Amino acid sequence: MMIFLSYLCIGVGLVFWFWGTSYLVGQRSVLYKLHSLSVSDTLGSMSILFGLLLRRPREWPLLILALICLAMWNTMLGYVLAYCTARDANDHKITTSAVPGEFYE
Amino acid sequence: MSLMEFALIAMILALLIPLYEAWSDSDVWQTLLSFASVSTKASVMILFVSVLRDDWMIGIVGVIILSVGNAGLMLLAQILKRLGDS
């Protein structure tokens, strides 16, 4: 039963990986790709790690540390990247959409 | 070849997509996004291999990459933003 559950979690994780990464190749905006990628990478990887945990319960300290690091850092990285790219997009909008001769602050 | 090895090959294929995107795209943010994804996927694959081989020295490397790798990317994003501002 545990083996079946671990295969199931690993399979779900792989589906998440392919689903989120497929948006990366499209022509969407950076923020859209960032959202789908961070969701799929974080949740997919956590599902795979949980599958590994079911398979090797003896190594639970290391795998739980990996799960916590993944949940924390991937979320934070997604936020930082979103903040940096959104600021870049706004600056770009101000400079390019200004009417010639009219100066924005 | 067991089911776990099939899963590992599927992971390697999933890893190639962001690598292709990083190679083909010129926007710095999309490239950073792709490499962040490569980093996460590679570290999960390292943990996967360490479970397969039951060798936990490799597992520690995967956990260290997960906990420190993204911090480096965050600093890089801040630097790129400052460069864009100035």
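The notes below deal with the structure included here. (Residues numbered from 1 in each chain as written. Chains lettered and ligands numbered in written order. Predicted model: local features only at pLDDT ≥ 70, side-chain atom pairs only at ≥ 80, totals over all residues. Heavy atoms only, no water.)

**Here we look at the overall build of chain A**
When helices and strands are counted, chain A shows 3 helices and 0 strands. Out of the 105 residues in chain A, the part that is buried amounts to 38%. Across chain A, every contact between residues at least 6 apart in sequence was considered, and the portion connecting residues at least 24 apart equals 61%. A total of about 6,000 Å² of accessible surface is found on chain A, and carbon and sulfur atoms cover 72% of it. (Helix = DSSP H or I, 4+ residues; strand = E, 2+ residues; numbered from the N terminus. Buried < 20%, exposed > 50% of the residue type's maximum accessible area, 1.4 Å probe, protein only. Contact = heavy atoms within 4.5 Å. Areas by Shrake-Rupley, 256 points an atom, 1.4 Å probe, with all protein chains shown as cover.)

**With respect to the pattern of salt bridges**
Tallying each qualifying case throughout the model produces 5 salt bridges over all chains. Between A:Arg56 and B:Asp54 there is a salt bridge, with the nearest N and O atoms lying 3.1 Å from each other. In this pair, A:Arg56 is assigned in the loop between helix H2 (30-55) and helix H3 (60-97) and B:Asp54 in the loop between helix H2 (28-53) and helix H3 (56-85), connecting two distinct chains. Taking relative accessible area as the criterion, B:Asp54 reaches 34% and is therefore assigned partly exposed. (Salt bridge = Lys/Arg side-chain N within 4 Å of Asp/Glu carboxyl O.)

**Structural notes on the nonpolar core**
If you look at the biggest cluster of nonpolar residues, it comprises 29 residues, and the most contacted ones within it are A:Trp17, A:Leu49, A:Leu52, B:Met11, B:Leu47 and B:Phe48. Within the residue set of this core, elements represented by two or more residues are helix H1 (2-24), H2 and H3 of chain A together with helix H1 (3-24), H2 and H3 of chain B. The residues contacting A:Trp17, other than those within four sequence positions of it, are A:Ser40, A:Asp41, A:Gly44, A:Ser45, A:Ile48, B:Met11, B:Ala14, B:Lys41, B:Val44 and B:Met45. Formed by 15 residues, the second largest nonpolar core is a distinct cluster that contains A:Leu24, A:Leu34, A:Leu77 and B:Met74. (Core = buried A, V, L, I, M, F, W, Y, C linked by side-chain atoms within 4.5 Å.)

**Here's the deal with the environment of A:Thr42**
Residues and elements named next belong to chain A. Tracing the chain through its elements places Thr42 in helix H2. Residues Thr42 and Arg28, 14 residues apart in the sequence, show an inter-C-alpha distance of 20 Å. Apart from the residues lying within four places of it in its own chain, the contact partners of Thr42 are Leu37, Leu70, Ala71 and Asn74.

**Concerning the interface of chain A and chain B**
On the chain B side, the residues contacting the 40 residues of chain A number 42 residues. When chain A packs against chain B, the two sides together hide about 3,800 Å² of surface, and 78% of this comes from carbon and sulfur. Scanning the region where chain A abuts chain B turns up 4 salt bridges. Note that B:Lys41 and A:Asp41 form a salt bridge whose closest N and O atoms lie 2.8 Å from each other. Linking chain A with chain B are 11 residue pairs in polar contact (both at pLDDT 80 or more), by the criterion used here. (Buried area = accessible area lost by both parts, 1.4 Å probe. Polar contact = N/O pair within 3.5 Å; in protein donor to acceptor, adjacent residues only side chain to side chain.)

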